[in-house]
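# Understanding the architecture of this molecule
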Amino acid sequence: MEAAMGLMRRIPPKHSEAALSALLSLLPHHSADLLSQVDQPLQVLRDVDSGKEFILCEYNRDADSYRSPWSNKYHPPLDDGLYPSQELRKLEVEANNVFMVYCDQYYEGGTSSVYIWENEDEDGSRTADGRRGYLEEGCWEAIHVIEVVPLEEATARYCLTSSVMLSLTTNDESSGNFNLSGSIRRQMNMDLPIAEGHLCNMGRMIEEMESKLRYSLDQVYFGKTKEMICTLRPPSEPVQTRLLEHISKRLS
Amino acid sequence: MSDEEETQPTDDQKIEIAKWFLLNAPAGEIQYIAKDMKAVLQDETLYTTAAAVAFPLYNKSHMICLDFPDRSGEVMVTPFSEISENEYLDPRTAQVAVVDHVNQVCRRARPANDEELPTPYIEEYRYALDIEVTKYVSEAYPKGICSVYCVNGKDVEEPGLDFELVVVISAARLSPQNFCNGSWRSIWNVEFKDEAQFVEVRGTLQVGAHYFEEGNVQLDAKHECKDSTMLMSPEDCAHSVTTIIRHHETEYLNSLQTSYSKLPDATFKDLRRKLPVTRTLFPWHNTMQFSLRRDIQKSLGLEK
C-alpha cells in the first residue's frame, strides 16, 4: 500500500486517474484505502429534484450511485443506500446552505457539497468545493475532511485534512505547451468549544486552511518549480533580471 | 472495465501497467518507481519483462548520461546515438558503450568501427559544431551535457549531397532530499541542404519539474522552434548554428519566466479570492445576512 502511494506521488498529475484505475485493478483488496487516500479530480452531477449541482466523491458514493446533499436521494436510484442519521442530516442541510454562500463569497461561483457521516464513535464531515477557472484551462478543487471527536466539557477535537488540486495549462506561440498541475495536502488539529456549534468551528478551520493553502500553492506551484528551472539554466543576465523582478515586486 | 468473475488483470495487462508506470516516471525517478512497482506487482518475472521494455525507452527519451568504465568520458543514451539496443556511440571519443538499461550503467566500451563513424567530410562539420555547442553548454548550464550526432548521410564524402546532424542537450537537477527534481532536454535537428546552400534548424525544448513534499506538483512544458542559416565552412556553420540555439533557448527561458509571472495573478484572482468582497472573514455565526442577497442574485439570474 505504501508502494502504491509512492507511485501516486510520482506519476504526472494529469495521469492520476489512469494511474489510480491501474492500481485498483492490481490491488483490489486495497481499493477502500486507495479510493479514500488518493485525490481525484471532482465531477459533478445535477440533482433531479432541485436542479442544483452536487459533487461526486467517495463520501457520498454507495455502489455506483451518488447521494445528493440537496435532496438526500441517490442518483441513479438505489434501494439499499446508506443514509446519515436524522440529526446528522439536519446538520448536513444547514452546512450545505452555509457553504454555498461561502463558496459564492470566495469563489464567485463554483460548486460546493458537504457530506456528513458517522464513523463508529466519531462524526466525519466532508466538504468539497469545486471551481472552474477562466484561463485556457484552469481548475481549483479542494477537499476537506474533518473528523470530529467529542471531548468532555462541551469541547470537541477537530482533525482537518485538506487537499487542493490545481491544474493550469496554456498553449501559445511564444511559450509552447505549458502544463502545471498537481495537489498538495495539509493537516490541522484543533480543540474547540461547541458553544457556537460544529458548523461554525469547522467553517472557520476550513476558511483558515484554504487561505493557507492558497498561499502555499503560490510558493510551491510557482515558486519551487520556477526555482528549479532557473537552477537548470540560469537566465543569461542574472543581475539585470533579478533587479527587474525586485522592482516589479515592490511596485505590485 | 466490465465486472467479471475474476477481477485480477491478466499477466499481459499487468506487464502493460508496469511499463506505463515506469515510462511515466519523472526525470531521475525511475528507480524509485521501479522499487514501488515491484512491491505492488509482487511478481519478479512480470516485473522483469516490463522493465526490459520500459527502461530502454525511458533512458533514450530522457537522454541519460553514463560514464565509460575507464572514466575516459561519457556517453549519452539517445535514439540518435543508438547502434543496437544495448550499444550507444560516443562520437567524441569514437567509442561504443555497451549499456545495461535496467541498472542504468555502462558495462564496457569498445572502439567504434569505421562503418559506425561518419566520413572525414561529415566529421569536420560534426566536430566543429560539437566544439561550439560544448562551449555554449558549459556557459549556459551549470550541469549540462551535450553531444552531436550524424543521423543522415554519414557516408557522404564530399559536397553535393544533403546530410543531417542532431545536437542534444540535457541537464538534470536531482534533489530528492529536498523533494524536488527537474530536467531540461533540447533536441536540435540541423539539416544541411546542399543544393540550396542552406541549413535548416529545428528545435524541440522540453522542461520538467517535480516537487513532492506533502503533495505532487509537476511542470511539463514543451516548445518547438525553427530557424535557418547559410551553408558555409564547418567552423562558420558551427558558430552560426550555436548562436541560433543560444538565442532560441534564452528566448524560451524568458517566455517561461513571463508565464510564471503572469500566471499567479491571473490564476488566483480568477479562481479564489483572498477575502470575500466584504473584506472580512466569513461570518460563520451569522449567515442570515447573506440569504437575502443570494435570493436576489438568484432571481436576477446572476448565479452560475
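Whatever comes next refers back to the structure up there.
All figures in this text were calculated on a predicted structure; none of them were measured in a lab. (Residues numbered from 1 in each chain as written. Chains lettered and ligands numbered in written order. Predicted model: local features only at pLDDT ≥ 70, side-chain atom pairs only at ≥ 80, totals over all residues. Heavy atoms only, no water.)

### Examining the overall build of chain B
- The helix and strand tally for chain B stands at six helices and eleven strands.
- Burial statistics for chain B: of 304 residues in total, 50% are counted as buried.
- Of the contacts formed within chain B by residues at least 6 apart in sequence, a portion of 53% connects residues at least 24 apart.
- Of the roughly 15300 Å² that chain B leaves accessible, carbon and sulfur atoms contribute 50%. (Helix = DSSP H or I, 4+ residues; strand = E, 2+ residues; numbered from the N terminus. Buried < 20%, exposed > 50% of the residue type's maximum accessible area, 1.4 Å probe, protein only. Contact = heavy atoms within 4.5 Å. Areas by Shrake-Rupley, 256 points an atom, 1.4 Å probe, with all protein chains shown as cover.)

### Some thoughts on the nonpolar core
- Core analysis: the largest hydrophobic core is formed by 87 residues, its most contacted members being Leu129(B), Leu165(B), Val167(B), Ile169(B) and Phe192(B).
- It is helix α5 (residues 198-232) of chain A that contributes the most residues to this core, 14 residues altogether.
- If sequence neighbours within four positions are ignored, Leu129(B) has contacts with Val148(B), Leu165(B), Val167(B), Val190(B), Ala238(B), Val241(B) and Thr242(B).
- Ile17(B), Ala34(B), Leu46(B) and Ala51(B) belong to the second-largest nonpolar core, a separate cluster that totals 32 residues. (Core = buried A, V, L, I, M, F, W, Y, C linked by side-chain atoms within 4.5 Å.)

### Describing the pairing of strand β10 (residues 198-211) of chain B
All names here are of chain B.
- For strand β9 (residues 180-193) and β10, the ladder comprises 14 bridges, and the chain directions are antiparallel. Bridging from a neighbouring strand, Glu191 pairs with Glu200 of β10.
- What sits between β9 and β10 in their antiparallel hairpin is a turn of four residues, with Gln197 showing a positive phi close to 55°.
- Where β10 lies against strand β11 (residues 215-230), 14 bridges are found, and the strand directions are antiparallel. Each residue of the ladder has a partner; that of Leu205, found in β11, is His223.
- Counting the residues between successive antiparallel strands, the hairpin from β10 to β11 contains three residues, one of them, Glu214, with a positive phi of roughly 55°. (Pairing = 2+ DSSP bridges.)

### Comments concerning the sheet that holds strand β4 (residues 87-90) of chain B
All names here are of chain B.
- Taken in spatial order, the four strands make up an open sheet running β3-β4-β5-β6, and their pairing is antiparallel. At either end of the open sheet lies a strand with only one pairing partner, and these are β3 (82-84) and β6 (105-111). Going from strand to strand, the sheet's axes swing by 35° on average, the running direction of each strand aside.
- Here β3 runs beside β4; their pairing, made up of two bridges, is antiparallel. (Axes fitted to C-alpha atoms, helices over the stretch in contact; angles between N-to-C directions.)

### Some thoughts on the interface of chain B and chain A
- The interface of chain B with chain A comprises 81 residues on the first partner and 82 residues on the second.
- A buried area of about 7700 Å², summed over both sides, lies between chain B and chain A, and 65% of it is on carbon and sulfur atoms.
- Across the chain B-chain A interface, the total number found is three salt bridges.
- Across the pair Asp220(B) and Lys14(A) runs a salt bridge, and its minimum N-O distance is 2.5 Å.
- At the surface where chain B touches chain A, the tally comes to 16 residue pairs in polar contact (both at pLDDT 80 or more).
- Tallying contributions element by element places helix α5 (residues 234-271) of chain B first for the side of chain B that touches chain A, with 18 residues.
- Bridge count for strand β10 (residues 176-193) of chain A against β11(B) is eight bridges, and the pairing is antiparallel. From the neighbouring strand, Phe178(A) faces β11(B), where its bridge partner is Ala221(B). (Buried area = accessible area lost by both parts, 1.4 Å probe. Salt bridge = Lys/Arg side-chain N within 4 Å of Asp/Glu carboxyl O. Polar contact = N/O pair within 3.5 Å; in protein donor to acceptor, adjacent residues only side chain to side chain.)

### Points about helix α1 (residues 11-23) of chain B
- End to end, α1(B) covers 18 Å across 13 residues, agreeing with the expected 18 Å (1.5 Å per residue, within 8%).
- If you follow the buried residues of α1(B), they end up packed against α1 (2-10) and α2 (16-26) of chain A together with α2 (30-41) and α3 (44-62) of chain B. (Expected span 1.5 Å × (residues − 1).)

### A short note on the packing of α1(A) against α2(B)
- Two elements in contact, α1(A) and α2(B), have axes whose closest approach is 8 Å; the angle formed by their N-to-C orientations is 145°. Read as a crossing pair, α1(A) and α2(B) show a hand that is left-handed. Contacts between α1(A) and α2(B) involve Ala3(A), Ala4(A), Gly6(A), Leu7(A) and Arg10(A) from the former and Tyr32(B), Ile33(B), Asp36(B), Met37(B), Ala39(B) and Val40(B) from the latter.
- In terms of residue class, the contact of α1(A) with α2(B) is built from eight nonpolar, one polar and two charged. (Left-handed = near helix turned anticlockwise from the far one by under 90°. Nonpolar A, V, L, I, M, F, W, Y, C, P; charged D, E, K, R; others polar.)

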